[in-house]
Amino acid sequence: LILQAFSITFFGEWGDNSQLATIGLATDENPFGVILGGVLGQALCTTVAVFGGKSLASQISEKMVNMDMDVFTILMHVALSVGVLFIVFGIQSFLSTVE
């Protein structure tokens, strides 16, 4: 259980915006203060997630959560596809010449 929780948190946070912001903060501030603040912030977020998830689990079914996540995943794939198309069209219009 501890290894699972560690892995989920570690790999979920690796390379995200909060890690990049923490790197920036550590360049100007005391690294030990940044470490302590980061650990406390992550602990608070994890605590809220655990107790909030436990509370939600008693009110909604796992099947409902899975269906919602399926819909969310599909929407994120659509958004990503639209974003990729936007970038492709942007590059194409930048490279094309107007006659």
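Under an unreviewed UniProt entry, the name given to the protein chain is GDT1 family protein, and the source organism is Cephalotus follicularis. Quoted verbatim from the Subcellular location (unreviewed entry) heading of the UniProt record, the comment on the protein chain is "Membrane". Note on the protein chain: under the UniProt heading Sequence similarities (unreviewed entry), the record states "Belongs to the GDT1 family."

On to helix 3 (residues 31-57). Think of an α-helix as 3.6 residues a turn; residues three or four steps apart then line up on the same face. For helix 3, which comprises 27 residues, the first-to-last C-alpha distance of 38 Å matches the rise-based estimate of 39 Å (1.5 Å per residue) to within 8%. Structurally, the start of helix 3 carries an N-cap: the backbone nitrogen of F32 is 3.0 Å from a side-chain oxygen of N30.

We now examine the environment of Q42. With respect to the element layout, Q42 can be found in helix 3. On the basis of relative accessible area, Q42 is assigned to the partly exposed category, the value being 29%. When the C-alpha atoms of Q42 and F94 are compared, they prove to be 42 Å apart, with 52 residues separating the residues in sequence.

What counts and what doesn't
Residues numbered from 1 in each chain as written. Predicted model: local features only at pLDDT ≥ 70, side-chain atom pairs only at ≥ 80, totals over all residues. Heavy atoms only, no water. UniProt positions renumbered as here; feature names shortened; annotations may be inferred. Helix = DSSP H or I, 4+ residues; strand = E, 2+ residues; numbered from the N terminus. Expected span 1.5 Å × (residues − 1). Polar contact = N/O pair within 3.5 Å; in protein donor to acceptor, adjacent residues only side chain to side chain. Buried < 20%, exposed > 50% of the residue type's maximum accessible area, 1.4 Å probe, protein only.

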